[in-house]
There are 2 protein chains.
Amino acid sequence: MKKKFTYLFREGNENMRELLGGKGANLAEMSNLGMPVPYGFTITTEACTQYYEDGETINEEIQKQIFEYLDKLEEQSGKKLGDTSNPLLVSVRSGARASMPGMMDTILNLGMNDVVVETVATMTENPRFAYDSYRRFVQMYSDVVMGLNKSRFEKIIDEVKEKRGITDDLDLTAEDMKELVVRFKEFYKSELGTDFPQDPKDQLMGAIEAVFRSWNNDRAIYYRRMNNIPSSWGTAVNVQMMVFGNMGNDCGTGVAFTRNPSTGEKKLYGEFLMNAQGEDVVAGIRTPQTIDHLKEVAPQAYDKFIEICDTLEKHYRNMQDMEFTIEKGQLFMLQTRNGKRTAQAALQIACDMVDEGAITTDEALMMVEPQQLDSLLHPMFDPKALKAAKPIASALPASPGAGCGEIVFSAEEAIEKSSNGIKVILVRLETSPEDIEGMHVSEAILTVRGGMTSHAAVVARGMGACCVAGCSAIEMHEDQGYFVIDGKQYNRGDVISVDGSTGNVYGEEIKTVPVSISGNFERFMAWADQRRTLMIRTNADTPRDAKQAYNFGAEGIGLVRTEHMFFEGDRIKAVREMIVSKTEDQRRKALAKILPMQQGDFENIYEAMQGLPVTIRYLDPPLHEFLPTSSYDIAQLAKDMNIPLDDLKAVIASLHEFNPMMGHRGCRLAISYPEIAEMQTTAVIQAALSVQTKHPEWTIQPEIMIPLVGDVAELRYVKNVVKEMADKIIAESSIDMKYHVGTMIEIPRAALLADEIAQEAEFFSFGTNDLTQMTFGFSRDDAGGFLQDYYAKNIFEQDPFAHLDQKGVGKLIKMAAKAGRETRPDIKLGICGEHGGDPASIEFCHNVGLNYVSCSPFRVPIARLAAAQAAIKSSK
Amino acid sequence: MKKKFTYLFREGNENMRELLGGKGANLAEMSNLGMPVPYGFTITTEACTQYYEDGETINEEIQKQIFEYLDKLEEQSGKKLGDTSNPLLVSVRSGARASMPGMMDTILNLGMNDVVVETVATMTENPRFAYDSYRRFVQMYSDVVMGLNKSRFEKIIDEVKEKRGITDDLDLTAEDMKELVVRFKEFYKSELGTDFPQDPKDQLMGAIEAVFRSWNNDRAIYYRRMNNIPSSWGTAVNVQMMVFGNMGNDCGTGVAFTRNPSTGEKKLYGEFLMNAQGEDVVAGIRTPQTIDHLKEVAPQAYDKFIEICDTLEKHYRNMQDMEFTIEKGQLFMLQTRNGKRTAQAALQIACDMVDEGAITTDEALMMVEPQQLDSLLHPMFDPKALKAAKPIASALPASPGAGCGEIVFSAEEAIEKSSNGIKVILVRLETSPEDIEGMHVSEAILTVRGGMTSHAAVVARGMGACCVAGCSAIEMHEDQGYFVIDGKQYNRGDVISVDGSTGNVYGEEIKTVPVSISGNFERFMAWADQRRTLMIRTNADTPRDAKQAYNFGAEGIGLVRTEHMFFEGDRIKAVREMIVSKTEDQRRKALAKILPMQQGDFENIYEAMQGLPVTIRYLDPPLHEFLPTSSYDIAQLAKDMNIPLDDLKAVIASLHEFNPMMGHRGCRLAISYPEIAEMQTTAVIQAALSVQTKHPEWTIQPEIMIPLVGDVAELRYVKNVVKEMADKIIAESSIDMKYHVGTMIEIPRAALLADEIAQEAEFFSFGTNDLTQMTFGFSRDDAGGFLQDYYAKNIFEQDPFAHLDQKGVGKLIKMAAKAGRETRPDIKLGICGEHGGDPASIEFCHNVGLNYVSCSPFRVPIARLAAAQAAIKSSK
């Protein structure tokens, strides 16, 4: 049997969205519900896939089916494409499985030609309408199908208006429209060397192919990557009889939501324009009226529409976003879909619909995009101000939020200005651990290099700061105090705005609005907590972060990066003293200075978490990260430390590595210098004992995590160092404290040999940042550049540092989880890489059967919801 | 049942070497063969393992069994340890499963104390012997068991000799020996605060524990790492009744080989000393006599020994290395083992024994260490240059080969200089086990003292290093940094040459030439080729290397690194021009300059390989590797290229990466710049067509290898670029050429997803260097430093870059081989990392079922033999 590539609307239904796309499936469903939908048919997503498989040609079989279904459409409508007495005009629209609004192309009024236009003029007794429709078609077809620049057509319209001395399109007469058609066609021929196609069937095939092609235009690829949509899905194409909102004053067109998409209020929300075609509403040339005015202008159509809205929302059990057209007083539905909404609205609608008895709490939970919750927790730009602004550059939306302030180029500057009450944006080539305090006081961080897991991105997300990363459009001249984008210079002190949710950068001040969390949030998250089985922990390095995460509902800390405490004030001095030590004795002396500070931090973290579990990872980064890099700073440090400059330079040189990410770090440090692990163990255990003493009502059980293990012998060695020290301290105390020693699984070899490693490890925490790095062989600090080429060439669709690579890295995780449990059935399994806050990755973790995910504090609510959704999906 | 930790010699046999160690198993076997072996028993390797498991204590059960077996030994011998009438004296010697000569410790004459020595003096009527034995025991025990410095005892001996006005140890009288015992014991007490132990059972337990401990001394660990011996094996301990070669002139001791270990000649080879203990022969203080003189001195013992030699060689089907002692005319066998031999000797012996009908060719193949063949392939001195040179001294040709380099006087110096790329000759009075690492890195070893079986000689032969021993013409002034021969001074840093095949030493630099291989080699390798199933290819980047490898028997090239051709003369200019290109056009122009050069190289390589398969890997390293790094060179280059210095600096800055090993390289380059892959394809295919035309008798089928693939989409993209270009060129030619496109498997993800990758790849070549890097997360440029700590702390025993990590990396290889074959049953599988030349890794490759290994040209013969041995082993 031949594969079926075409479906009449009445042949489909809402469950066929994989094949018919969202728009096609919903048009079919509405048709079957008996709603007034103009006749049409859908060309399947499989036809699109086939088109690409056939080297971007529509094969004969598909062409045959299209023409066959065109015949059926003509039969249904009683009109014929290109007919001189009763011509059919159609729209050709894309419709992918997932909604990709505005990403792909649409052509209206197809079927128009020099003859048909006359017939339409006669039939409608409205030549202006007929020629307006024709010129719109020529314009769209030239742009979408032939790739001619839209603006050239606008220029021609302007010329005609100027000649006629008018400014409003509505003042263009039928004759003017006729002239536009002629001039458009002339321009078409001069540019392309051929006449504008007059055969409607040629027009149709051209339009269909253009829609297929638009599946792979740059903005569609970008949108898919941002929204996690596979390129293999393809788009369907809907060919539908035109109905006209621009035939006269009893005609109109509009869009509406069944509830307010901005607030969630249960009240029809929308707007319409009389005597207009859909694009006029979108284009914003005329100001549309709000939907309730339709009651006065077209009462019958309005009543019908209200009835349909109600039916659709009940039917789809979700707020609907609809398009409609009124032709000579009669209502036609052109689209319905679940409406996009703000996070606030999403929560409001979910709660309201539960209260109305319209949906279950499970359905309510599935209704909200986890990622959306982010916007509730961060300040946002005022939407109106944002609409008016034009971005000067766009890069990676590394950490959500909105920031507006004066440009500064160093952490010191940021600290100084902000201490004077000036809001600043920290602009850096890339950030490093020394910048943390400066990042903290900045409204936003903007970096030139680095990806979604670069230092700037990770730290900013951790602290809930707005960050846009990898903005390669910036040409830095920080020494001269300015940067350049597109030839324009931005100086230190100039005000810019940075949108961490979209990645946009603006060369001006944009107002921000704080967002308050409503009661709906608590109620909704309680449903999520009830539903999920995955525990949610947080990655927090400071008592402040820990408190934040606790308030967001974290059930423990999955990752304390101990080294993040090493950079402040006196500590960095002691750390540097340790690093330049030449003997173990010197090193121990320096470590003794760090001990009380580290212990104090741990105490405060235990306090903040109020007895919830805390996993502390031992020193991880290569030691050179703690030393300065500029000659000035190095000379200064030598002076401060009172050591010969050459000695310090020698130390720095000896620590230089070609690939530090695969160098002397992680447990390798503890193996070379066990005294570091001893000091950290002392700090961990003494802190735990002290907090336990103060709070006998809590049960403190430190979890000590050894990083970068690749062989059980490494873990065994460090664990012995830890145990010897820990057992001694505990024995000397009056408390019978339990503690646990586990490891990160972040080296591929550790995942491969997890059965052996589990002999020593009481828990595994998958460090998916490093695991992704090593499994792909992608340095996360360097991959940003070439991954752009990968996206452009459709080799990768997603950033594996943002979304867990389930096939490759995921395979290692599955293997390790299984092997670990075989050796040690009660082993605790978690994940603490950046992926711990990514909903798709969380679903994977749920399905693999991990015990917990750990993510940055601001992602905790997202993770809670994502975990609930994963549980709901897997229970189906 | 209790575990049995002790075995009398008569309870064991040669097949129990895992439990009894090599020495113990062979002593047992000789006992069972009715040969004169002094009574004794063996403490098993499991006791050693238990010792470590019990935290370095000998547990009660083992102690019990030891004393039980001591009783049995006393019963057998009719003597009693510590008895005042008929005292038993024993030796305590280590004996691991694999021979580790000189690595661990030995104690002789145990059982001596202040009372026993008198009894021995009376019984033997030889007080000098008795006190000599006692002072030796005190000396050894203090050193081995208590860790006192040997040289302090030597100093005491020197003081006594000086006082007595003598220079030769033999001139020391009984009284002198007695004085030495007193002074040794005084020194012992002053150092350790306790008296020298008088209870022989205490002595025995101390000695046994010391042998266990010596399993983990630094030199043993180093030796194991070099020789791939697991630390888990442990050593056995042999406790054996002493027989004395130093009781008088009818006593003696010696060592011998059943054939010449240097040439392989079928003639008993060895040396002995009358009135001496074993250590005297090894120490090289007195110069021993060759073994045939024994016939005159001790004819009965000689005849018996000849008979035993013959029996042992037949029994073990291998050349034997034996130790014997003659006590009052009676022969005792103290050891036999398969003798170490030079590569030349190994081949000679293997061929001779096959010809004698003594062994099969399989046995012959198993008899030669693949690694040994190396020494056959290393350069020898240019005969002409050699003729013109005049030796400054001549001594024992202890291990063949030729070495030329700067004089160094210590192992540390050798290591330091060689790590800076300086060739060195290690000149020592005599070597000791601590020197091993220094010997390893030296071009040759030259010793002042010692014979053919001295430490230096034995170890050098083992490692295939050039060695001249016993060069007494040398007057050492190592503290002053020079030595003198014939009044002429040779300083540290002066260049000398050493000929290990003749024993000549030259005071100048002498040119070396590759050695010509004997007929045995061809014959032996033919057996290997017949036996192996694994194909052996080579890694060769130049026509010269290809020719070399072809001559060594390579059956194709598994890896041509195309970039290695990019560095020469004009090429590097064109390559740099390509790198600094700002447009594809500029880049293509630069590539067009590289094309003819690259094509020429490929033609020459095809010619060299005479129709054998050639796998060409596309550009792999990051582009910055082709640019200069010093400011001077950068400025110069900017001038040469006629581009602004700032532009060039900007390019270099833009190419900087934090972890270049995981950066923009491999197929990632071809994805960003497909024009590079197009140029390389053009070069490969045009070269192949041109050579095919010239040589219609060959079938040239280029194998194009895409590096660093981690996802099938990467391979698919580059493969399409390759195919489009290749098919076009082939279509335009008159030849119907086939070609193959495959990939390296060197990214862990590629191994994990090999099933998908095999959809596109016609062959896999495991790049185990990178695969090891990523799987361990060890940068191979940086790991050297911290791996030293790993060895020192017994965390790793081997360098995973030298020996394939079969557990971790090997698991990936197995998974990938299986998955690849499931997708594409006829996929060709090979390995082209450094491990391709490592025998243990080759065995793994054979067992996994790879089709070929590819290694550097000089390792091809090694790989051929290792592959044969793997086949023989796996057929058992």
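See above for the structure.
The text that follows walks through the structure, step by step, so that each part is easy to find.

**Side note on the overall build of chain A**
Part 1: From N to C terminus, chain A includes 35 helices and 33 strands.
Part 2: Seen through its C-alpha atoms, chain A measures out along the principal axes to roughly 100 × 60 × 50 Å.
Part 3: By residue count, 59% of the 876 residues in chain A fall in the buried class.
Part 4: Of the contacts made within chain A by residues no fewer than 6 positions apart, 68% connect residues no fewer than 24 positions apart.
Part 5: Counting only carbon and sulfur atoms, one obtains 48% of the accessible surface of chain A, whose full area is about 34300 Å².

**What to know about the pattern of salt bridges**
Part 1: Throughout the structure, instances matching the rule amount to 107 salt bridges over all chains.
Part 2: Ionic pairing is found between Lys807 of chain A and Glu756 of chain B, a salt bridge with its closest N-O pair at 2.9 Å. Highlighted residues: Lys807 of chain A in the loop between helix 32 (783-792) and helix 33 (809-823) and Glu756 of chain B in helix 30 (residues 754-757), drawn from two different chains.
Part 3: Residue class for Lys807 of chain A comes out partly exposed when judged on its relative accessible area of 42%.
Part 4: The partner of Glu413 of chain B in a salt bridge is Arg492 of chain B, with the nearest N and O atoms 2.7 Å apart. Taken together, the residues Glu413 of chain B in helix 17 (residues 411-419) and Arg492 of chain B in the loop between strand 22 (488-491) and strand 23 (495-499) connect sequence positions 79 residues apart.
Part 5: Arg492 of chain B sits in the partly exposed class, given a relative accessible area of 39%.
Part 6: Through salt bridges with shared partners, one network takes in Glu563, Arg617, Asp620, Arg665 and Asp770 of chain A.

**A look at the interface of chain A and chain B**
Part 1: Contacts between the two partners involve 46 residues from chain A and, on the opposite side, 45 residues from chain B.
Part 2: Taking both sides of the interface into account, the surface hidden between chain A and chain B amounts to around 4300 Å²; carbon and sulfur atoms contribute 59%.
Part 3: Between Arg749 of chain B and Asp805 of chain A there is a salt bridge, with the nearest N and O atoms lying 2.7 Å from each other.
Part 4: Between the two partners, chain A and chain B, sit 30 residue pairs in polar contact (both at pLDDT 80 or more).
Part 5: Of all the elements in the fold, those that place two or more residues in the side of chain A that touches chain B are helix 26 (667-672), helix 28 (712-732), helix 29 (748-752), helix 31 (768-776), helix 32 and helix 33 of chain A.
Part 6: When grouped by side-chain class, the residues that make up the side of chain A that touches chain B number 22 nonpolar, nine polar and 15 charged.

**Describing the sheet that holds strand 5 (residues 90-96) of chain B**
All names here are of chain B.
Part 1: In space, the five strands of this open sheet follow the order 1-2-7-5-6, with antiparallel pairing throughout. The open sheet has two free edges, formed respectively by strand 1 (6-8) and strand 6 (106-110), since each of these has just one partner strand. Adjacent strand axes in the sheet meet at a mean angle of 20 degrees when their direction is disregarded.
Part 2: Direction of pairing for strand 1 relative to strand 2 (residues 40-43): antiparallel, over a ladder of three bridges. Bridge pairing in strand 2 places Leu8 opposite Phe41.

**Details of the side chain of Asn246 of chain B**
Residues and elements named next belong to chain B.
Part 1: Topologically, Asn246 is positioned in the loop between strand 7 (235-241) and strand 8 (252-257).
Part 2: Judged by its relative accessible area of 5%, Asn246 falls in the buried class.
Part 3: Filtering out sequence-adjacent residues up to four positions away, Asn246 remains in contact with Phe129, Asp132, Ser133, Arg136, Cys251, Asn275, Ala276 and Gln277.

**Some thoughts on the environment of Leu708 of chain A**
All names here are of chain A.
Part 1: Along the chain, Leu708 falls in the loop between strand 29 (703-706) and helix 28.
Part 2: A relative accessible area of 0% places Leu708 in the buried class.
Part 3: Separated by 46 residues in the primary sequence, Leu708 and Met662 have C-alpha atoms spaced 9.6 Å apart.

**Considering the packing of helix 23 (residues 584-609) of chain B against helix 27 (residues 674-694) of chain B**
All names here are of chain B.
Part 1: Direction vectors running N to C along helix 23 and helix 27 enclose 30 degrees, while the axes themselves pass 8 Å from each other. In this view, helix 23 runs roughly parallel relative to helix 27, as classed from their interaxial angle. Helix-helix and strand crossings are classified by hand; for helix 23 and helix 27 the assignment is right-handed.
Part 2: Residues of the contact of helix 23 with helix 27, tallied by class, amount to twelve nonpolar, six polar and eight charged.

**Observations regarding a negative patch on the surface**
Residue and element names in this part refer to chain A.
Part 1: Taken together, Glu412, Glu434, Glu625 and Asp633 make up a surface patch of like negative charges.
Part 2: The topology assignment puts Glu412 in helix 17 (residues 411-419).
Part 3: Here Glu412 falls in the exposed class, since its relative accessible area comes to 57%.

**So, the packing of aromatic side chains**
The way to describe two aromatic rings as a pair is by their centre distance and the angle between their planes.
Residue and element names in this part refer to chain A.
Part 1: Per the stated rule, a full pass over the model turns up 52 aromatic pairs over all chains.
Part 2: Relative to Phe858, the ring of Phe552 lies with its centre 5.1 Å away and its plane at 65 degrees, an arrangement referred to as edge-to-face. Taken together, the residues Phe552 in the loop between helix 21 (543-551) and strand 27 (557-561) and Phe858 in the loop between strand 33 (852-855) and helix 35 (860-875) connect sequence positions 306 residues apart. Neither residue differs from the other here; Phe552 and Phe858 are each classed as buried.

**Here we look at helix 7 (residues 174-192) of chain B**
Residue and element names in this part refer to chain B.
Part 1: Its 19 residues place the ends of helix 7 27 Å apart at the C-alpha level, agreeing with the 27 Å of an ideal helix rising 1.5 Å per residue.
Part 2: Considered for burial, the residues of helix 7 that qualify are Asp176, Met177, Leu180, Val181, Phe184, Lys185, Phe187 and Tyr188.
Part 3: In this structure, the buried residues of helix 7 make contact with helix 5 (127-144) and helix 6 (150-164).
Part 4: Positioned one or two residues after helix 7, Gly193 has a phi angle of 80 degrees, which is positive.

**As for the state of the cysteines**
Part 1: By the definition in use, this model includes zero disulfides over all chains.
Part 2: The structure places no disulfide on Cys845 of chain A, whose sulfur is separated from the nearest cysteine sulfur, that of Cys855 of chain A, by 11 Å.

**Focus: the pairing of strand 32 (residues 828-831) of chain B**
All names here are of chain B.
Part 1: Both strand 31 (residues 763-766) and strand 32 contribute to a ladder of four bridges, which runs parallel. Its bridge partner lying in strand 32, Phe764 is registered against Leu829.
Part 2: In this structure, strand 32 lies alongside strand 33 (residues 852-855), joined through two bridges in parallel fashion. Considered in strand 33, the bridge of Ile831 is made with Val853.

Cut-offs used in this document
Counting of residues starts from 1 at the beginning of each chain's written sequence and follows it residue by residue. Just so you know, chain letters begin at A and ligand numbers begin at 1, following the order they were written in. The predicted origin of the model limits local features to residues at a pLDDT of at least 70 and limits the giving and counting of side-chain atom pairs to 80 or more, whereas totals for whole chains, interfaces and linings rest on all residues. Excluding hydrogens and water, the side-chain figures rest on all heavy atoms present in the structure. Secondary structure counts use DSSP, requiring at least four H or I residues in a row for a helix and at least two E residues in a row for a strand, with both numbered from the N terminus. The rule is simple: take the accessible area with a 1.4 Å probe, protein chains only, and divide by the maximum for that residue type; under 20% is buried, over 50% is exposed, in between is partly exposed. Contacts: residue pairs with any heavy atoms within 4.5 Å of one another. Here the accessible surface of atoms and residues is derived via Shrake-Rupley with a 1.4 Å probe, and residues count as covered only by protein chains that are part of the display. The salt bridge definition used is simple: a Lys or Arg side-chain nitrogen within 4 Å of an Asp or Glu carboxyl oxygen. As a working definition, buried area equals the accessible area (1.4 Å probe) given up by two parts on being put together, with both sides summed. Counting of polar contacts relies on pairs of N or O atoms within 3.5 Å, with two restrictions inside protein: one atom must be capable of donating a hydrogen and the other of accepting it, and residues adjacent in sequence are counted only when both atoms are side-chain atoms. In this count, Pro and Cys sit with the nonpolar residues alongside Ala, Val, Leu, Ile, Met, Phe, Trp and Tyr, while Asp, Glu, Lys and Arg are called charged and the others, Gly among them, polar. What makes two strands pair is DSSP finding at least two bridges between them. The axes are straight lines fitted to the C-alpha atoms, using for helices just the contacting stretch, and the angles between their N-to-C directions are given from 0 to 180°. Here roughly perpendicular refers to angles of 65 to 115 degrees, roughly parallel to angles under 35, roughly antiparallel to angles over 145, and oblique to all remaining angles. Each crossing gets its hand from how the near helix is turned against the far one by less than a right angle, where anticlockwise is left-handed and clockwise is right-handed. Patches in this entry comprise residues that are over 30% relatively accessible and not in a salt bridge; like charges within 9 Å are linked, as are nonpolar side chains (Val, Leu, Ile, Met, Phe, Trp, Tyr) within 5 Å. For this count, His and the chain ends are skipped, Lys and Arg are scored as positive, and Asp and Glu as negative. The atom standing in for a charge is NZ when the residue is Lys, CZ when it is Arg, CG when it is Asp and CD when it is Glu. Centres within 6.5 Å make a pair out of two Phe, Tyr or Trp rings, where for Trp the six-membered ring is used; the pair is then stacked when the planes are under 30 degrees apart, edge-to-face when over 60, and tilted otherwise. Multiplying 1.5 Å by the residue count of a helix minus one yields the expected span of that helix. In what follows, a disulfide is any cysteine sulfur pair within 2.5 Å.

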